[in-house]
Amino acid sequence: MFDVITFGSAAQDIFLRLNKKQVIVGKKFTAGKGVCFDLGSKVDVEEIYFYCGGGGINTSATFAKQGLKTAYCGAIGKDLAGEEIIKDLNNRGVAVDFVKEKGKPTNHSIIFNLSQKDRTIIAYRGASELLAREDIPWDKMGSRWFYLAPLSGLACETSKSIINFAKEKEIKIAFNPGTFQISLPGKILSEILSKIDILILNQEEASFLTKIPFIKEKEIFEKIDKMCPGIAIMTKGAKGVVASDGRYFYSANVLKTKVVDKTGAGDSFGAGFVSGFIKANGDIGYAMQLGIANSASCLQQWGAKNGLLGEGDNWEKVKIKKLKYEKS
Ligand SMILES: Nc1ncnc2c1ncn2[C@@H]1O[C@H](COP(=O)(O)OP(=O)(O)OP(=O)(O)O)[C@@H](O)[C@H]1O
Ligand SMILES: [Mg+2]
């Protein structure tokens with residue numbers, strides 16, 4: 001019996017530090033700025049780092065560091081990156097019994113980092129997308145919790161089977177859906193959301209799900225509370241975190257920290273929150289504090305798994321504001 005089984009992508013992340021002069025301003029870019037290279041040129045980079053990543057792997061790393069009995073369930077390719085992922089999981093004490101080799105290369109992400117705020121990710125979505133119902137050894141999936149990180153492609157459909165199975169077996173579910181999952185047909189999505197115990201979204205995802213601008217927090221939460229009976233959380237990058245359990249509204253600022261690399265912010269917050277929730281028997285305030293501290297610690301180092309907080313580490317607790325939820 002595991003404490004947590006995580007689902008989501010497994011990837012080889014390649015981090016490159018680019019020069020500011022590679023950024024150009026232009027109306028053609030959605031963000032008003034783009035990364036640019038001379039055609040046919042060779043571009044030198046001064047820093048490069050390789051780490052295994054992907055939401056399923058990143059979150060399993062936090063759970064294992066927090067002393068929880070953890071397994072990862074997902075797909076890799078028959079390649080070097082896949083071998084590295086297995087080695088990394090083994091080193092971290094995450095069980096690899098549910099890792100499946102599929103017929104596409106392992107997912108890869110090339111992450112161009114320019115400054116604290118600016119980064120561009122070029123992603124190859126490979127084997128992780130192919131995880132199918134048949135790949136999961138259901139009779140061995142005993143766990144107290146399932147954590148579902150973003151998934152796309154075929155595996156996005158598989159989410160529904162994973163969630164239905166969990167509900168049937170009384171396994172608690174934490175869900176951090178990606179845009180692909182939020183874009184599932186309305187009927188499937190509402191069936192999924194009605195079974196979630198902890199729903200974690202960033203501002204853009206919360207807004208995309210509810211079709212309400214993200215500054216209208218109260219309206220967003222009222223709508224999410226109707227779709228999902230569990231705890232709903234909205235992370236707001238450097239601007240803090242808000243959560244609701246339908247009775248109280250919780251909010252907190254983030255810890256002020258230097259940001260070396262933002263990759264893994266969402267995963268380290270989500271897995272930190274759920275670890276805190278498990279360890280403190282459902283204390284939302286404590287869970288938020290651990291999520292915030294874990295993500296702040298992750299952002300101080302390159303990669304999505306370096307700097308994660310371990311059991312017994314000292315960490316700073318932010319102040320939590322708790323207000324009675326006045327529904328309109
Ligand atoms: N600049 C920052 N300083 C301190 N903490 C931060 C900062 N940015 C993010 N965090 C922490 O990380 C959490 C998650 O960040 P964010 O809301 O950007 O998630 P996300 O958009 O899902 O990230 P990701 O791109 O990793 O999926 C925040 O709630 C906060 O606790
Ligand atoms: Mg995210």
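If you look the protein up in an unreviewed UniProt entry, it shows as Carbohydrate kinase PfkB domain-containing protein. A UniProt comment under Sequence similarities (unreviewed entry) is attached to the protein, and it reads "Belongs to the carbohydrate kinase PfkB family."

## Side note on the side chain of Ser295
By secondary structure assignment, the location of Ser295 is in helix H9 (residues 284–299). For Ser295, a relative accessible area of 12% translates into the label buried. What Ser295 contacts, discounting residues up to four positions off in sequence, is Ala265, Ser268 and Phe269.

## Focus on the pairing of strand S6 (residues 70–77)
In terms of burial, S6 is largely enclosed, as eight of its eight residues are buried. Neither face of S6 is exposed, since Thr70, Tyr72, Gly74 and Ile76 on one face and Ala71, Cys73, Ala75 and Gly77 on the opposite face are all buried. In this structure, strand S1 (residues 2–7) lies alongside S6, joined through four bridges in parallel fashion. When the sheet's bridge partners are listed, Val4 is paired in S6 with Thr70.

## Overview of the packing of aromatic side chains
In total, this model carries 16 aromatic pairs according to the counting rule given. Relative to Phe146, the ring of Phe7 lies with its centre 4.9 Å away and its plane at 70°, an arrangement referred to as edge-to-face. Here Phe146 lies in strand S10 (residues 143–148) and Phe7 lies in strand S1, a separation of 139 residues in the sequence. This pair shows no difference in class: Phe7 is buried, exactly as Phe146 is. Here a set of aromatic residues connected by ring pairs shows up, and it is made of Phe7, Trp138, Phe146 and Phe165. In this structure, Lys69 packs its charged tip against the face of Phe2, placed 5.0 Å from the ring centre.

## Describing the packing of helix H8 (residues 265–279) against H9
Geometry of a packed helix pair, given as the angle between the helix axes and the separation of the axes. Between H8 and H9, the shortest axis-to-axis distance is 7 Å and the interhelical angle comes to 145°. The handedness of the crossing between H8 and H9 is right-handed. In this structure, H8 uses Ala265, Ser268, Phe269, Gly272, Phe273, Ser275, Gly276 and Phe277 to contact H9, whose residues at the interface are Ile284, Tyr286, Ala287, Met288, Leu290, Gly291, Ile292, Asn294, Ser295, Cys298 and Leu299. Split into classes, the residues belonging to the contact of H8 with H9 amount to 12 nonpolar, seven polar and no charged.

## Things to note about a nonpolar patch on the surface
Residues Val45, Ile48 and Phe50 make up a contiguous nonpolar surface patch of about 270 Å² in total accessible area. According to the relative accessible area criterion, Phe50 is exposed, its value standing at 51%.

## Concerning unusual backbone geometry
A positive phi angle, close to 60°, is found at Glu170, a residue other than glycine. Looking at the secondary structure, you find Glu170 in the loop between helix H3 (154–168) and strand S11 (172–175). With relative accessibility at 72%, the residue Glu170 sits in the exposed group. Residues other than glycine seldom take positive phi values, yet Asn281 does so here, at roughly 45°. For Asn281, the location among the structural elements is in the loop between H8 and H9. The class for Asn281 is exposed, based on a relative accessible area of 73%.

## Observations concerning the sheet that holds strand S2 (residues 11–17)
Taken in spatial order, the four strands make up an open sheet running S5-S2-S8-S9, and their pairing is mixed. The outermost strands of the open sheet, each flanked by one partner alone, are strand S5 (47–53) and strand S9 (119–124). The sheet shows a mean angle of 20° between the axes of neighbouring strands, taken without regard to direction. By the bridge criterion, seven bridges tie S2 to strand S8 (residues 107–113) in an arrangement that is parallel.

## Structural notes on the site of ligand 1
Around ligand 1, a shell composed of 19 residues is seen, among which Asn202, Thr235, Gly237, Lys262 and Gly266 lie nearest. Between ligand 1 and Gly266 there is a distance of 2.9 Å, counted from an oxygen atom to a backbone nitrogen or oxygen. One of the side-chain nitrogen or oxygen atoms of Ser295 is found 3.1 Å away from an oxygen atom of ligand 1. When ligand 1 sits alone it has 630 Å² of accessible area, and the protein chains cover 83% of it. If you list the elements that add at least two residues to the shell around ligand 1, you get H8 and H9.

## Details of the nonpolar core
Formed by 45 residues in total, the largest nonpolar core has its most connected members in Ile5, Met141, Phe146, Ile196, Leu199 and Ile224. In contact with Leu199, not counting residues within four places along its chain, are Phe175, Pro177, Leu193, Leu209, Ile224, Cys228, Ile231, Ala232 and Ile233. Within the second largest apolar cluster, 31 residues are counted, among which are Leu68, Ala149, Ile200 and Phe273.

## What about helix H1 (residues 55–65)?
Counted residue by residue, H1 has 10 buried out of 11 residues, so it is predominantly covered. Turning to H1, its buried residues number three or more, namely Gly55, Gly56, Ile57, Asn58, Thr59, Ser60, Ala61, Thr62, Phe63 and Ala64. One or two residues past the end of H1 sits Gly67, with phi positive at roughly 80°.

Reading the values: rules and limits
Residues numbered from 1 in each chain as written. Chains lettered and ligands numbered in written order. Predicted model: local features only at pLDDT ≥ 70, side-chain atom pairs only at ≥ 80, totals over all residues. Heavy atoms only, no water. UniProt positions renumbered as here; feature names shortened; annotations may be inferred. Helix = DSSP H or I, 4+ residues; strand = E, 2+ residues; numbered from the N terminus. Buried < 20%, exposed > 50% of the residue type's maximum accessible area, 1.4 Å probe, protein only. Contact = heavy atoms within 4.5 Å. Pairing = 2+ DSSP bridges. Phe/Tyr/Trp six-rings, centres within 6.5 Å; stacked < 30°, edge-to-face > 60°. Lys NZ or Arg CZ within 6 Å of the ring centre and 35° of its normal. Axes fitted to C-alpha atoms, helices over the stretch in contact; angles between N-to-C directions. Left-handed = near helix turned anticlockwise from the far one by under 90°. Nonpolar A, V, L, I, M, F, W, Y, C, P; charged D, E, K, R; others polar. Patch = residues over 30% accessible without salt bridge, like charges linked within 9 Å, V, L, I, M, F, W, Y side chains within 5 Å. Areas by Shrake-Rupley, 256 points an atom, 1.4 Å probe, with all protein chains shown as cover. Salt bridge = Lys/Arg side-chain N within 4 Å of Asp/Glu carboxyl O. Near = heavy atom within 4 Å. Polar contact = N/O pair within 3.5 Å; in protein donor to acceptor, adjacent residues only side chain to side chain. Core = buried A, V, L, I, M, F, W, Y, C linked by side-chain atoms within 4.5 Å.

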